[in-house]
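Descriptive structure summary
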Amino acid sequence: MYIFLIILIVIACLLLIGAVLIQKSKGGGLASDYSQGNQYLGYRKTTDFIEKATWSLAIFICVVSILASFAIKTPMNVSSIKPTVAPTSAPAPAPANVPANQVPASK
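Parameters at a glance
- Residues numbered from 1 in each chain as written.
- Predicted model: local features only at pLDDT ≥ 70, side-chain atom pairs only at ≥ 80, totals over all residues.
- Heavy atoms only, no water.
- Helix = DSSP H or I, 4+ residues; strand = E, 2+ residues; numbered from the N terminus.
- Buried < 20%, exposed > 50% of the residue type's maximum accessible area, 1.4 Å probe, protein only.
- Contact = heavy atoms within 4.5 Å.
- Areas by Shrake-Rupley, 256 points an atom, 1.4 Å probe, with all protein chains shown as cover.
- pLDDT = per-residue confidence, 0-100.
- Core = buried A, V, L, I, M, F, W, Y, C linked by side-chain atoms within 4.5 Å.
- Patch = residues over 30% accessible without salt bridge, like charges linked within 9 Å, V, L, I, M, F, W, Y side chains within 5 Å.
- Salt bridge = Lys/Arg side-chain N within 4 Å of Asp/Glu carboxyl O.
- Expected span 1.5 Å × (residues − 1).
- Arc of directions from axis to C-beta.

All right, on to the overall build of the chain then. On a plain count of helices and strands, the chain comes out with 3 helices and 0 strands. For the chain, the sequential pattern of α-helices and β-strands runs α-α-α. Counting all 107 residues of the chain, 16% fall into the buried class. A separation of at least 24 residues holds for 65% of the contacts in the chain among residues at least 6 apart in sequence. Accessible area for the chain stands at about 9,700 Å²; split by element, carbon and sulfur atoms hold 67% of it.

Take the confidence of the model for the chain next. The share of residues in the chain with pLDDT of 70 or more is 53%, and the mean pLDDT across the chain is 75. Within the chain, the lowest mean pLDDT, 54, falls on helix H2 (residues 30-33), and the highest, 93, falls on helix H1 (residues 2-22).

For the rest of this paragraph, the subject is the environment of Ile-3. Structurally, the position occupied by Ile-3 is in helix H1. Here Ile-3 falls in the exposed class, since its relative accessible area comes to 63%. The spacing of Ile-3 and Ala-68 is 65 residues in sequence and 8.6 Å in space, taken between C-alpha atoms.

Attention now goes to the nonpolar core. Counting residues in hydrophobic clusters, the biggest one holds 8 residues: Leu-5, Ile-9, Ala-12, Leu-16, Leu-57, Ile-61, Val-64 and Ala-68. For this core, the secondary structure elements donating two or more residues are H1 and helix H3 (42-71). Among all residues touching Leu-16, those that are not within four sequence positions of it are Thr-54, Leu-57, Ala-58 and Ile-61.

On the surface, Tyr-2, Ile-3, Ile-6, Ile-7, Val-10, Ile-11, Leu-14, Leu-15, Ile-17, Leu-21 and Ile-72 cluster together to form a nonpolar patch covering roughly 1,100 Å² of accessible area. Tracing the chain through its elements places Ile-72 in the segment after H3.

A few words now on H1. Over its 21 residues, H1 runs 30 Å from end to end, which matches the ideal 30 Å to within 8%, given 1.5 Å per residue. Listed in full, the buried residues belonging to H1 are Leu-5, Ile-9, Ala-12, Leu-16 and Ala-19. End-on view of H1: buried residues confined to an arc of 85°, all on one side of the axis. Among the exposed residues of H1, those pointing more than 90 degrees away from its buried face are Ile-3, Leu-14 and Leu-21.

Rendered as structure tokens:
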């Protein structure tokens, strides 16, 4: 689920980059270049559409980012410290080859 949401965010980001690059500062953009030949939407409607698409994509990215943060599976208070075993009270066995009255030399 998390990977699917990340893919949606990346696609929306690429579309948002395209929408912002199409716009011209001060409200011109794509509509100013094709205003005479564009009789279906007209100048004003093209600008409105690009602006609405920009805002919609930005809101979509924010909402999906928040949803993606909830989709991450977090571990439930699992400790990485392993419990140690308490030492036993039995004495350590003596070395087999060393006589009982000699102490082994320490290095």
